[in-house]
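If you want the building blocks of each chain, they are given just below.
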Amino acid sequence: MLPLQGKKILLGVTGSIAAYKSVVLTRLLMKAGAEVRVALTPAVSHFVGPLTFGAITGHAPFQDLWAENWSAHVEMGLWADLMVVAPTSANTLGKMANGLCDNSVLAVFLAAKCPVMVAPAMDRDMYLHPATQRNLRQLRTDGVQVLDTGEGYLASGLEGPGRMMEPELILEAILGKFSPKETAWKGKKLLITAGPTQEALDPVRYISNHSSGKMGYAIARHAARLGADVTLVSGPTALPAPEGVTTVKVVSARDMMEAVQQRADDQDVFILAAAVADYRPEVEEAQKIKKIAGETSLRLVKNPDILAYLGENRRPDQVLIGFALETQNGLANAQEKLLRKKTDAIVLNIHSAAGTGFVHDTNQITFLDKLGGVERFDLKSKEEVAGDILYQIEIRFLVNKPSDSRHES
């Protein structure tokens, strides 16, 4: 089941250069299973056309208070499970904070019976102005959830706070609204590894693999929504750090091993999804290696095996889950790895299967546990796969598990 299946999200879009990001957010919400309706202020048309939102959602946006459907704000306000205004301009913030109503977004806001979330977007000095900060405080007092702004280069050429939160992070905040309040994961300490490692040849070259980190990051996001205390140890990726997750950035396999060792004693569950390089160059040259005539050779040495280390050194009460990416004899190789690395379970995915592997947003897994259990899953989005993995861990290793006795004498 998709994480927002059956949820009704009302997206308000206001006049800001960040309005183009709302198109991305709309698509993300739809992919997560939500039913989406959109309300637009008149100024949005300077940035994004209403046809764009209508094409994505299948419903014409509400944008004209004086049209035949002028009372749509009442219907939409009663319909929605959550209203999200993204971007929220300084003008709209001020009007929301003072109960003004001169466009469709404001009308829906005042009619809404559901929780409301705003994602401010404006220039640095506008955001920091005392009037804007006063309006934000008033909205918080009124029960509106105000999302943080990002920092960076702004459309004016200035740099600082005021950028609208990225759509992926807004989606995380929305998902958090609908997460179960009490789950077997609540309060559990979970360490996840994700992404590739890079093993340096010289200052400009390295050995690595095609891992994007998408699977591990999806698990981290989902676990945080379920209430787990998540630490994500990530190799180099282009992915934004998940909201509500402690993210530790590393580069090489040895870096990742050190980060895991430092935090291992404090964890309840390990999920090692990273594609760690098995080997590294024996010598890392201090200067760039120059091309020479003829052939050359490269001597490699073994990297530390993080999964095997935890298999040997973890406490009996700690749960260890490994990943196996195979191109042939997948089930047999995964079962052998489960025993050899002394894990509680292995998540197997076959690189040669359609829609699976590093570069895809989908994956197809088989979950194998140490008692011989084998659960096969269909091809799904990695967000859905993350939910399947966490559920399998929950029902096999967390439910009815004896309480933690680490601190007993």
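Calculation notes
Residues numbered from 1 in each chain as written. Predicted model: local features only at pLDDT ≥ 70, side-chain atom pairs only at ≥ 80, totals over all residues. Heavy atoms only, no water. Buried < 20%, exposed > 50% of the residue type's maximum accessible area, 1.4 Å probe, protein only. Helix = DSSP H or I, 4+ residues; strand = E, 2+ residues; numbered from the N terminus. Polar contact = N/O pair within 3.5 Å; in protein donor to acceptor, adjacent residues only side chain to side chain. Pairing = 2+ DSSP bridges. Axes fitted to C-alpha atoms, helices over the stretch in contact; angles between N-to-C directions. Contact = heavy atoms within 4.5 Å.

Asker: Provide a residue-level description of helix H5 (residues 104-111), including the pertinent values.
Answerer: For H5, a buried count of 7 out of 8 residues is recorded, marking the element as mostly surrounded by other parts of the structure. If you check the start of H5, you find a side-chain oxygen 3.1 Å away from the backbone N of Val105, and it comes from Asn103.

Asker: Quick rundown of unusual backbone geometry? Include the residues and the values.
Answerer: The peptide bond linking Ala86 to Pro87 adopts the cis configuration, its omega dihedral lying at 0 degrees. On the secondary structure map, Pro87 appears in strand S3 (residues 82-88). For Asn329, which is not glycine, the phi torsion reads 50 degrees and is therefore positive. If you trace the backbone, Asn329 turns up in the loop between strand S16 (319-326) and helix H12 (330-340). By relative accessible area, which is 56% here, Asn329 ends up exposed.

Asker: Report on the pairing of strand S4 (residues 116-120), specifying residues and quantitative values.
Answerer: The buried fraction of S4 amounts to 5 of the 5 residues, a majority that puts the element mostly inside the structure. Residues Val116, Val118 and Pro120 of S4 are buried on one face, and the alternating residues Met117 and Ala119, pointing to the opposite face, are buried as well. As paired strands, S3 and S4 are joined by 4 bridges and run parallel to one another. Paired with Thr88 across the two strands is Pro120, which belongs to S4. The sheet contact formed by S4 and strand S5 (residues 145-146) spans 2 bridges and is parallel. Note that in S5 the partner of Val118 across the bridge is Val146.

Asker: With reference to specific residues and values, describe the sheet that holds strand S13 (residues 269-272).
Answerer: Strand order in the open sheet formed by 8 strands is S12-S11-S8-S13-S16-S17-S19-S20, and the pairing between neighbours is mixed. Each edge of the sheet is formed by a strand with only one pairing partner; in this case those strands are strand S12 (246-249) and strand S20 (374-376). On average, adjacent strands in this sheet sit at an angle of 15 degrees to one another, irrespective of strand direction. Where strand S8 (residues 189-194) lies against strand S11 (residues 229-234), 6 bridges are found, and the strand directions are parallel.

Asker: Break down the environment of Thr88 for me, citing the residues and quoting the values.
Answerer: Looking at the element boundaries, Thr88 is found in strand S3. By relative accessible area, which is 0% here, Thr88 ends up buried. For Thr88 and Thr14, which are 74 residues apart along the polypeptide, the C-alpha to C-alpha distance reads 5.8 Å. In this structure, Thr88 is in contact with Thr14, Leu93, Met96, Val118, Ala119, Pro120, Ala121 and Met122, ignoring residues within four places of it in sequence. Of the polar contacts made by the side chain of Thr88, one reaches the backbone oxygen of Val85; its length is 2.7 Å.

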